[in-house]
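Descriptive structure summary
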Amino acid sequence: MISYQIIEHGQPLQKKLTETPKPQGTEVLVRITRSGVCHSDLHIWDGYFDWGGGKRFYVKERGCIPPFTLGHEPFGIVEAVGKKVKGVKVGQKRLVYPWIGCGKCAVCKAGDDNLCVSGSRFLGVNRPGAYSTHVLVPDPKYLVDTTGIDDAFASTLACSAITVYSAINKLPKVAPKDAVAVLGCGGLGLIAISVLRAKGVKNIIACDIDDAKLAAAAKQGAKSTVNTRAPDAAQKLQGIAGAVDLVGAPATAALGLGALRKGGRYVIVGLFGGELTHPLPPIAQRAISIQGSYVGNVQELKEVVALAKKKKLKPSPIETRPADQANAALEDLKNGKVLGRIVLNFETAQ
Ligand SMILES: [Zn+2]
Ligand SMILES: [Zn+2]
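As a starting point, this report considers the structure included with it. (Residues numbered from 1 in each chain as written. Chains lettered and ligands numbered in written order. Predicted model: local features only at pLDDT ≥ 70, side-chain atom pairs only at ≥ 80, totals over all residues. Heavy atoms only, no water.)

This part is about a positive patch on the surface. Together, Arg197, Lys202, Lys219 and Lys314 make up a region of like positive charge exposed at the surface. Mapping Lys202 onto the fold places it in the loop between helix H4 (187-198) and strand S14 (203-208). Here Lys202 falls in the exposed class, since its relative accessible area comes to 56%. (Patch = residues over 30% accessible without salt bridge, like charges linked within 9 Å, V, L, I, M, F, W, Y side chains within 5 Å. Areas by Shrake-Rupley, 256 points an atom, 1.4 Å probe, with all protein chains shown as cover. Salt bridge = Lys/Arg side-chain N within 4 Å of Asp/Glu carboxyl O. Lys, Arg positive; Asp, Glu negative; His and termini not counted. Charge placed at Lys NZ, Arg CZ, Asp CG, Glu CD. Helix = DSSP H or I, 4+ residues; strand = E, 2+ residues; numbered from the N terminus. Buried < 20%, exposed > 50% of the residue type's maximum accessible area, 1.4 Å probe, protein only.)

In structure tokens, the structure reads:
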């Protein structure tokens with residue numbers, strides 16, 4: 001199989017030819033046709049997350065050690081199955097749920113693999129991922145049928161859509177007139193606007209520093225847009241019921257938290273990096289909450305897929321590029337040149 005691998009963090013990925021694994025027991029081998037390029041791939045590529053104050057979290061501490069294959073938005077065709085596999089057949093197209101836990105702990109048994117407490121097996125994070133012609137999946141329960149959805153769009157549901165869906169599920173109950181801010185209008189932000197609309201939220205305020213991204217957000221269904229570099233940005237957001245922060249930088253956190261009305265909730269998803277300094281008394285006095293959200297569980301992915309099948313998710317712009325452009329895709333993403341999402345096509349990888 002062909003994979004584009006990190007050989008050294010921060011250096012261009014290298015194309016490697018390795019032996020294609022043979023699925024055993026409950027394992028399923030999926031031949032990848034589409035593989036989404038996610039912003040968090042950039043952090044794994046760099047090798048660390050910025051924790052602010054000069055501190056870093058190195059991905060090697062959670063098992064991402066080069067040579068390593070990125071990619072956690074895998075979509076493809078079942079190529080081979082282990083002897084114990086039931087419910088899926090060779091030749092079927094499937095989306096792969098990548099946030100696979102140990103499968104044994106109580107949290108995994110409850111279906112929350114993404115919150116596994118004893119050894120996660122996240123594809124493209126600490127297990128070989130989808131920048132590859134093949135991915136080995138431990139169990140068919142992590143495969144989702146997306147018939148009727150465009151293959152490239154389907155791949156992006158595995159991370160960007162499930163992530164915003166799970167984050168939006170954590171917002172307080174909002175009435176139709178209540179305002180919800182979406183901080184950051186890249187790939188995730190645009191899908192967040194779709195999910196909010198599908199859930200009946202109409203007063204969506206899209207926030208970004210880039211006017212082109214704000215224009216895309218308005219097209220996607222945001223009611224209003226705020227360029228957060230404008231001096232009156234904080235004022236324009238005052239009184240929001242909730243904020244979904246898809247950037248996760250000190251500036252967006254300060255903006256989102258500072259604009260919450262009483263009882264409001266700030267949900268942080270983005271991993272841009274940095275640290276938060278906030279006065280403590282108003283958190284209590286205003287009964288506001290800070291909630292973290294990390295990807296989502298298999299059930300949430302199935303719910304997202306169901307929404308997409310009903311055409312209730314407006315796909316954000318997707319650009320499909322040949323797999324051998326993986327490095328250029330990462331560079332463009334790093335330089336903020338991507339509107340929506342890049343998906344790599346592995347069908348023609350050779
Ligand atoms: Zn991702
Ligand atoms: Zn577990």
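From this point, things continue past the structure.
Our next topic: the pattern of salt bridges. Should their charged atoms come close, side chains of opposite charge can pair. One pass over the structure, following the stated rule, counts ten salt bridges. Measuring nitrogen to oxygen at the nearest pair gives 3.0 Å for the salt bridge that ties Asp178 to Arg261. Separated by 83 residues along the polypeptide, Asp178 in the loop between helix H3 (151-169) and strand S13 (179-183) and Arg261 in strand S17 (residues 260-268) bring together distant segments of the chain. Judged by relative accessible area, Asp178 falls into the buried class, the value being 14%. In this structure, the salt-bridge partner of Arg321 is Glu319, at a minimum N-O distance of 2.9 Å. Exposure remark for Glu319: the relative accessible area of 39% places this residue in the partly exposed category.

Bound to the zinc ion (ligand 1) on the protein side are Cys38 (SG), His72 (NE2) and Cys159 (SG), at distances that span 2.0 to 2.2 Å. Spacing between the donor residues of the zinc ion (ligand 1) along the chain follows C-x33-H-x86-C. On the criterion of sequence distance, the pair formed by His72 in the loop between strand S6 (68-69) and strand S7 (74-81) and Cys159 in helix H3 is long-range, its members being 87 residues apart. The pair formed by His72 and Cys159 is uniform in burial state, with each residue classed as buried. (Donors = N, O, S within 2.8 Å, 3.2 Å for Na, K, Ca; no water.)

Here the focus is the packing of H4 against helix H5 (residues 211-220). When two helices pack together, their arrangement is given by the angle between the helix axes and by the axis-to-axis distance. Contact pair H4 / H5: the axes reach a minimum separation of 9 Å and the direction vectors enclose 20°. Judged on the interaxial angle alone, H5 and H4 are roughly parallel. For the pair H4 and H5, the sense of crossing is right-handed. Along the contact surface, H4 presents Leu190, Ile191, Ile193, Ser194 and Arg197, while H5 presents Ala216, Ala217 and Gln220. The residue makeup of the contact of H4 with H5, split by class, is five nonpolar, two polar and one charged. (Axes fitted to C-alpha atoms, helices over the stretch in contact; angles between N-to-C directions. Parallel < 35°, antiparallel > 145°, perpendicular 65-115°, else oblique. Left-handed = near helix turned anticlockwise from the far one by under 90°. Contact = heavy atoms within 4.5 Å. Nonpolar A, V, L, I, M, F, W, Y, C, P; charged D, E, K, R; others polar.)

Moving on, we come to the coordination of the zinc ion (ligand 2). The coordination sphere of the zinc ion (ligand 2) contains the protein donors Cys102 (SG), Cys105 (SG), Cys108 (SG) and Cys116 (SG), at a distance range of 2.3 to 2.4 Å. The site at the zinc ion (ligand 2) holds four donor atoms, and with the angles between them running 103 to 116°, its shape is tetrahedral. Mapping the donors of the zinc ion (ligand 2) onto the primary sequence yields the spacing C-x2-C-x2-C-x7-C. Each member of the pair Cys105 and Cys108 is classed as buried. (Tetrahedral: all angles 85-135°; square planar, octahedral: opposite > 155°, others 65-115°.)

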